[in-house]
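Next come the chains, spelled out residue by residue.
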Amino acid sequence: MEDNQSILLGEPLYTITSTGFIILSNSKYDYAGDEEIMKLIRKHGQVILDDKFNAPIPFIIDGVSVLICGRNFNQSLDNLPSSLRVLQIGAVRDTFYSDFSKSLKNLPHGLE
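The structure displayed is predicted, hence computed values, not measured ones.

The helix and strand tally for the protein chain stands at one helix and six strands. Each helix and strand of the protein chain, ordered N terminal to C terminal, gives the series β-β-β-α-β-β-β. Split into buried and exposed, the 112 residues of the protein chain put 44% on the buried side. By sequence separation, contacts in the protein chain at least 24 residues apart represent 36% of the contacts at least 6 residues apart.

A separate point is the pairing of strand E5 (residues 66–69). Residues Val66 and Ile68 point to one face of E5 and Leu67 and Cys69 to the other, with burial holding for every one of them. As defined by bridge partners, strand E4 (residues 46–49) adjoins E5 across four bridges and the pair is classed as parallel. Note on E5: the bridge partner recorded for leucine 49 is cysteine 69.

Unlike most non-glycine residues, asparagine 106 shows phi in positive territory, near 60 degrees. Counting through the fold element by element, asparagine 106 comes out in the segment after strand E6 (86–89). Under the relative-accessibility criterion, asparagine 106 is labelled exposed at 60%.

Reading the values: the criteria
- Residues numbered from 1 in each chain as written.
- Predicted model: local features only at pLDDT ≥ 70, side-chain atom pairs only at ≥ 80, totals over all residues.
- Heavy atoms only, no water.
- Helix = DSSP H or I, 4+ residues; strand = E, 2+ residues; numbered from the N terminus.
- Buried < 20%, exposed > 50% of the residue type's maximum accessible area, 1.4 Å probe, protein only.
- Contact = heavy atoms within 4.5 Å.
- Pairing = 2+ DSSP bridges.

In structure tokens, the structure reads:
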């Protein structure tokens, strides 16, 4: 049975919303190396990087259809999976704002 939240050193590693989104908030954690979290990402396919998250995202794998990047995210998005249908960059909560300043190239063709 999966937890809806896991905590490391007082900071949540992830939360699963009632609508099936996985919210990741710890920029220092190696999500790609955590088999359990990778299974959850494969299962749900909808990922939100919380507003304070700003780290490379090699764990966004094929099968992810929705990726929402919070306001502090400012990393390359060059190798997103072809399964991605929705990409949102900006605030996860409250008003829209984004630190994102990278160029967007090689985006998946199926984005809506």
